[in-house]
Amino acid sequence: MYKLDDILEEKDGVVVSKVNSKQHFKMDLPSGLVASFSVDPDTNEIFFGDCQSRVYGYNYIDGTGWMNDQFKGIFSNRSPAITKNTVYFPAVGTGPSNPGKLIAISRHTHQANWSNTFAHKAQTAPLVWIVNSARGSGAAILEGVGNGWLALIDPSTGVKFNAFPIATAKNPDAYGSGVSGELSASDNWVVATSEEGVKAWYAQPMDFEVVSIDPGCPKDGEKYIPEPGKTYTASAVIRLKQKDFTYPYGIAAPLAAFNEIGNVLSFAKLKYTDGTELETDPEYPQYQIHGFVDEGEQITVNWEWTAEAGVEQYLTCGINIDYPTNNPMLKGVFPEVTFENNIKKVKVGTPDNLWVEILDYSKEVQVGGSAFVKARIHHNKGELLTTRLVWKVNGVIMKDVDNYDLIGTLDDGITFTMPKDGAIVTVEVNPDRDRPSNELSYDDNKDTCTIKPIIVTITDPREANKLKVNIVAQSPIAPFKTWQYKVIVNTNYPPPPPTLNPDKESTPPWITLNVNASGQTADINVGYNLETGYQKIDNVKVTDKKVFSAGWGKNEHVYYFDYPATGLWGKPVNVIINATASSDEDDHARASKTVTINPWPIPRKELQLTR
């Protein structure tokens, strides 16, 4: 790099080269420098790239610099464009097999913010185009492509929000094909040079908007609930929201409506409210057009669609936008201020449906043993739904999940102590019919199974003469009252024959008595819901243990045990007491008893008399 003052001087009114000129600085580059500099005089920096798409920044006052080689290896022969914060560099490429890119590099971090790949060569230096109007300004990065297209790119995100052909590339792979020269701008004018000549545009902000879609089917809250197999008439409101210029012939904007089921899209035939069809675009006959003339002009279009059963279905309406993005069936042809409001989608579908099926359960269980039931809960849609799930045994709630999160299919289950009279187990989803309140059917929300009890009496010859257990308890018991029961252990261990050796004298056996009493109770802090019948139920289990000497001969050992105050509103509850005694001589005995707690009266709803 040279400074002009270092290499030139004036003699006799003529500028001539200095005899002993000197260079300002020298930098060795990995690849050739093939284009001109972009200069920012406010920061004393220059920016340039080499022929392998390395990008450089250099401060020609303090001598500091940087290089970005994230995209090295792509051919380039064009200069970058700069803004206050970003360097936009065209990595030109050589054609479809090695396409070009536009790279945005931060002037602060020297790293790429984004890159955008084209279908062909990125053949021009990028142009930062700022369009001003009375309503504000907008900016775009313009890049000419070797296949004849001109691309408009969002400066901050790198999203290619529009592209359109401005020249026919007769030989796209040849040098200088398509948009081959430079791009220039002045205020709202932009000029492009192509192999077909020079083209110019004058830009003014324009904005189309899809205001709303009405599917024309029944609605429950925010959800549209069509009847499967029925055909409905949908409508959409579309308007030219903004237009800062006069064009009396109308802007023939392409628009279309789709019925979407999964990844399958089908066109709908659009009609005005008077029943006449919209014109067909002569270039793209698959979609229709309407000529908008005045700013604020608004039209309503209708189309028919049929509701499908059990699928996720959408109605979509768009104007002047590529949709779907990857393989567009609708094309955008005009640049706009924004394309975020150019399309709307509304979800329609059959009502939610929940159902339950019991998968497995204990067929027969010994009284006092552990029984299980496993069920599968289904939702016909693969989206999150929060509902209620309730398990009951003999009409008593054993498990209540008030906020049960269900997506598709989920397994659930319970285990419980087997009562002596058997168990009728019921599992029910959405028992209150309010989450959701519009199910397709409630007949399959509940499933039931029956488990038979097995009553086993264990007789041990040793128990008849040596060890017996008996439980004595009153039944029924008043609810929410503390009560007591007793366990009687009878032992019969004859004393051994006398011995002459006092050191070998025998002692009576030791007895271990284990007692447990199991039941349920309502949480009185939560109370009873008069509207739904809900009460929070907790399991109660009280255990105790006694160790004592049997003594010689026949003896009766009596122990008393307390059970806390329990009960349920409107329902009886059984307390099962089990007592097991064993000796250190391996003798065993057991007993079981069921005590019924009477139901606690359901509180009456208070009534207020008025006149």
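Residues numbered from 1 in each chain as written. Predicted model: local features only at pLDDT ≥ 70, side-chain atom pairs only at ≥ 80, totals over all residues. Heavy atoms only, no water.

**Describing the overall build of the protein**
Working step 1: Helices and strands together make up the secondary structure of the protein, namely two helices and 44 strands.
Working step 2: For the protein, whose C-alpha radius of gyration is 43 Å, the value lies well above the compact-globule estimate of 25 Å for 611 residues.
Working step 3: Expressed along its principal axes, the backbone C-alpha trace of the protein runs to roughly 150 × 80 × 55 Å.
Working step 4: When burial is assessed residue by residue, the protein has 42% of its 611 residues classed as buried.
Working step 5: Taking the contacts inside the protein whose residues are at least 6 apart along the sequence as the reference set, 61% of them involve residues at least 24 apart.
Working step 6: Entry remark: accessible area of the protein is about 32300 Å², with carbon and sulfur atoms responsible for 49%.
Working step 7: Averaged over its 57 positive side-chain charges, the protein has a centre that lies 7 Å from the centre of its 74 negative ones. (Helix = DSSP H or I, 4+ residues; strand = E, 2+ residues; numbered from the N terminus. Rg over C-alpha atoms; globule rule 2.2 N^0.38 Å. Buried < 20%, exposed > 50% of the residue type's maximum accessible area, 1.4 Å probe, protein only. Contact = heavy atoms within 4.5 Å. Areas by Shrake-Rupley, 256 points an atom, 1.4 Å probe, with all protein chains shown as cover. Lys, Arg positive; Asp, Glu negative; His and termini not counted. Charge placed at Lys NZ, Arg CZ, Asp CG, Glu CD.)

**A look at the sheet that holds strand S30 (residues 354-361)**
Sheet strands pair via backbone hydrogen bonds, and the direction of the pair is either parallel or antiparallel.
Working step 1: Within the open sheet, the three strands sit side by side as S30-S32-S35. Their pairing is antiparallel. Both outer strands of the open sheet, S30 and strand S35 (409-417), are each paired with one neighbouring strand and no more. On average, each strand axis in the sheet is inclined to that of its neighbour by 25 degrees, with strand direction left out of account. (Pairing = 2+ DSSP bridges. Axes fitted to C-alpha atoms, helices over the stretch in contact; angles between N-to-C directions.)

**Observations regarding the pairing of strand S36 (residues 423-429)**
Working step 1: Burial analysis of S36 places six of its seven residues in the buried class, the great majority of the element.
Working step 2: Here strand S33 (residues 385-393) runs beside S36; their pairing, made up of five bridges, is antiparallel. Note on S36: the bridge partner recorded for Val393 is Val425.
Working step 3: Two strands pair when backbone bridges link them, and S36 and strand S37 (residues 446-454) are joined in this way by six bridges, in the antiparallel orientation. Its bridge partner lying in S37, Ala423 is registered against Ile451.

**Concerning the environment of Asn394**
Working step 1: The residue Asn394 is located in the loop between S33 and strand S34 (396-406) in this model.
Working step 2: Among the residues examined, Asn394 registers a relative accessible area of 43% and is labelled partly exposed.
Working step 3: Between the C-alpha atom of Asn394 and that of Ala91, which follows or precedes it by 303 residues, the distance is 76 Å.
Working step 4: Non-local contacts of Asn394, meaning those with residues more than four positions away in its chain, are made with Pro419, Gly422, Ala423 and Ile424.
Working step 5: A polar contact is formed between the side chain of Asn394 and the backbone oxygen of Gly422, at a distance of 3.1 Å.
Working step 6: Within the local environment of Asn394, its side chain forms a polar contact with the backbone nitrogen of Ile424, the two atoms lying 2.8 Å apart. (Polar contact = N/O pair within 3.5 Å; in protein donor to acceptor, adjacent residues only side chain to side chain.)

**Some points on the nonpolar core**
Working step 1: Within the largest apolar cluster, 35 residues are counted, with the highest numbers of intra-cluster contacts made by Val469, Trp483, Tyr485, Val487, Leu513, Val515 and Ile577.
Working step 2: In terms of nonpolar packing, the next biggest core, distinct from the first, is built from 29 residues, Val210, Phe292, Ala307 and Cys317 among them. (Core = buried A, V, L, I, M, F, W, Y, C linked by side-chain atoms within 4.5 Å.)

**Examining the sheet that holds strand S27 (residues 298-306)**
Working step 1: The four strands are arranged S18-S21-S27-S24 in an open sheet whose pairing can be described as antiparallel. Two strands lie at the open edges of the sheet, namely strand S18 (206-214) and strand S24 (271-272), each paired on one side alone.
Working step 2: Pairing of S18 with strand S21 (residues 231-243) involves eight bridges; the strand directions are antiparallel. Counterpart to Asp207 in the pairing with S21 is Gln242.

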